[in-house]
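Read off the chains here:
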Amino acid sequence: MAGRWKDFGRYGANGAPGAEALGTAMEGMVHGISSPVDSDRGLAARLNYLTKSDAGYEAMDRAGVHVSPRTLMAWLAEERTPNKVNLARLDAAYWDLRRRNVAADLKHRLNNNGRGTRVEINPVNQNGVEQKYRRDLSSRSVSVRGVWDRAVDAWMNDDLAELDAVWDEVLDLIGSDYDGYSYVSSIGWAA
């Protein structure tokens, strides 16, 4: 893991490892239907999204939605409602497909035709730390290039070790103070 904070949080600092913050920031880019899956609107929207493409049918298969075409058509026509197990599986399939679609877009947007993306890194929250133990850290902003495909793939695969390796490369851009940003309160970008 990036950073060598000894006993992180011992004196009251609050934050998360940079790799986790990177994954959280990417996950925050995934938006979708706010209506719950067990509402008529939520179910209809999810079914519509999932049945528009082969990728949607693949997502349903990965989530364990294995029903006959007749049953699926009855769901789409709102003649029948899936049981609770299938509702949960449809919801999982929907979010899986949303993540996959966002991932493809994220790679394009974050790479920005090779120019990369400016990332703001907010240091750990030290409000609960006695003054004598505080580190002098401020928000940093760096242009990150060349790692986004790896970062997005690691996020999609829940590969924290690879996200950590990517975070190490981001920290190299900070310079000599990299160690202070191995744990952060948040990171963000405008992509």
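Preceding this section is the structure that the text describes.
Quick caveat: nothing in here was measured; it's all calculated off a predicted structure. Every chain's residues receive numbers from 1 upward, in the order its sequence appears when written. Predicted model: local features are reported for residues with pLDDT of at least 70 only, side-chain atom pairs are reported and counted for 80 or more only, and whole-chain, interface and lining totals are derived from all residues. Hydrogens and water are ignored here; the side-chain numbers use all heavy atoms of the structure.

**A closer look at the nonpolar core**
Here is step 1 of the chain: In this structure, Leu22, Met26, Ile121, Trp167, Ile187 and Trp189 are the most contacted members of the largest nonpolar core, which totals 36 residues.
Here is step 2 of the chain: Helix numbering and strand numbering both begin at the N terminus, where a helix is a DSSP run of H or I of at least 4 residues and a strand a DSSP run of E of at least 2. Sorting the residues of this core by element identifies α1 (18-27), α5 (84-111), β2 (117-123), β3 (140-144), α6 (148-156), α7 (160-174) and β4 (183-189) as the ones contributing at least two each.
Here is step 3 of the chain: Residues count as neighbours in contact if any of their non-hydrogen atoms are within 4.5 Å of one another. Filtering out sequence-adjacent residues up to four positions away, Ile187 remains in contact with Ala21, Leu22, Ala25, Val119, Glu120, Ile121 and Trp167.
Here is step 4 of the chain: By size, the runner-up hydrophobic cluster in this structure holds 14 residues, among which are Leu43, Leu87, Leu90 and Tyr94. By convention a nonpolar core is built from buried Ala, Val, Leu, Ile, Met, Phe, Trp, Tyr and Cys residues, the set being connected through side-chain atoms within 4.5 Å. Accessible area is worked out with a 1.4 Å probe on protein chains only. A residue is then buried under 20% of its type maximum, exposed over 50%, and partly exposed in between.

**Focus: the pairing of β4**
Here is step 1 of the chain: Only strands joined by at least two bridges in the DSSP assignment are considered to pair. Of the strand pairs in this sheet, strand β1 (residues 16-17) and β4 are connected by two bridges, and their pairing is antiparallel. Considered in β4, the bridge of Pro17 is made with Tyr183.
Here is step 2 of the chain: Across five bridges, the pairing between β2 and β4 is antiparallel. Bridge pairing in β4 places Ile121 opposite Ile187.

**So, the pattern of salt bridges**
Here is step 1 of the chain: We define a salt bridge as a contact between a side-chain nitrogen of Lys or Arg and a carboxyl oxygen of Asp or Glu at a distance within 4 Å. Scanning the entire structure with this criterion turns up eight salt bridges.
Here is step 2 of the chain: Between Arg100 and Asp96 there is a salt bridge, with the nearest N and O atoms lying 3.0 Å from each other. Taken as a pair, Arg100 and Asp96 lie in helix α5 at a separation of four residues, close to a single helical turn.
Here is step 3 of the chain: Residue Glu162 is joined to Arg150 by a salt bridge in which the shortest nitrogen-to-oxygen separation is 2.6 Å. On the criterion of sequence distance, the pair formed by Glu162 in helix α7 and Arg150 in helix α6 is long-range, its members being 12 residues apart.
Here is step 4 of the chain: What makes Glu162 partly exposed here is its relative accessible area of 24%.
Here is step 5 of the chain: On the basis of relative accessible area, Arg150 is assigned to the partly exposed category, the value being 30%.
Here is step 6 of the chain: Look at the salt bridges and you will find they share partners, linking Arg62, Asp96 and Arg100 into a network.

**Digging into the environment of Leu50**
Here is step 1 of the chain: Among the structural elements, Leu50 can be located in helix α2 (residues 40-50).
Here is step 2 of the chain: Under the relative-accessibility criterion, Leu50 is labelled buried at 0%.
Here is step 3 of the chain: In this view, Leu50 contacts Gly56, Tyr57, Ala59, Met60, Leu90, Ala93, Tyr94 and Leu97; residues no more than four positions away in its chain are not counted.

**Some thoughts on the side chain of Asn86**
Here is step 1 of the chain: Along the chain, Asn86 falls in helix α5.
Here is step 2 of the chain: Aside from chain neighbours lying at most four places away, what touches Asn86 is Val67 and Trp75.

**Brief notes about the packing of α1 against α7**
Each pair of packed helices can be described by the angle between their axes along with the distance between the axes.
Here is step 1 of the chain: Across the interface, α1 lies against α7 with an axial gap of 8 Å and an inter-helix angle of 105°. Taken as axis vectors, α1 and α7 run roughly perpendicular relative to one another. Residues Gly18, Ala19, Glu20, Leu22, Gly23 and Met26 of α1 form the contact with α7, whose own contacting residues are Leu160, Leu163, Asp164, Val166 and Trp167.
Here is step 2 of the chain: Each residue is assigned to one class: nonpolar for Ala, Val, Leu, Ile, Met, Phe, Trp, Tyr, Cys and Pro, charged for Asp, Glu, Lys and Arg, and polar for all the others, Gly among them. Per-class residue counts for the contact of α1 with α7 are seven nonpolar, two polar and two charged. For helices, the fitted line uses only the C-alpha atoms of the stretch in contact; every axis is such a line through C-alpha atoms, and the angle between N-to-C directions lies from 0 to 180 degrees. Geometric relationships in this document are graded by angle, where less than 35 degrees denotes roughly parallel, more than 145 denotes roughly antiparallel, 65 to 115 denotes roughly perpendicular, and other angles denote oblique.

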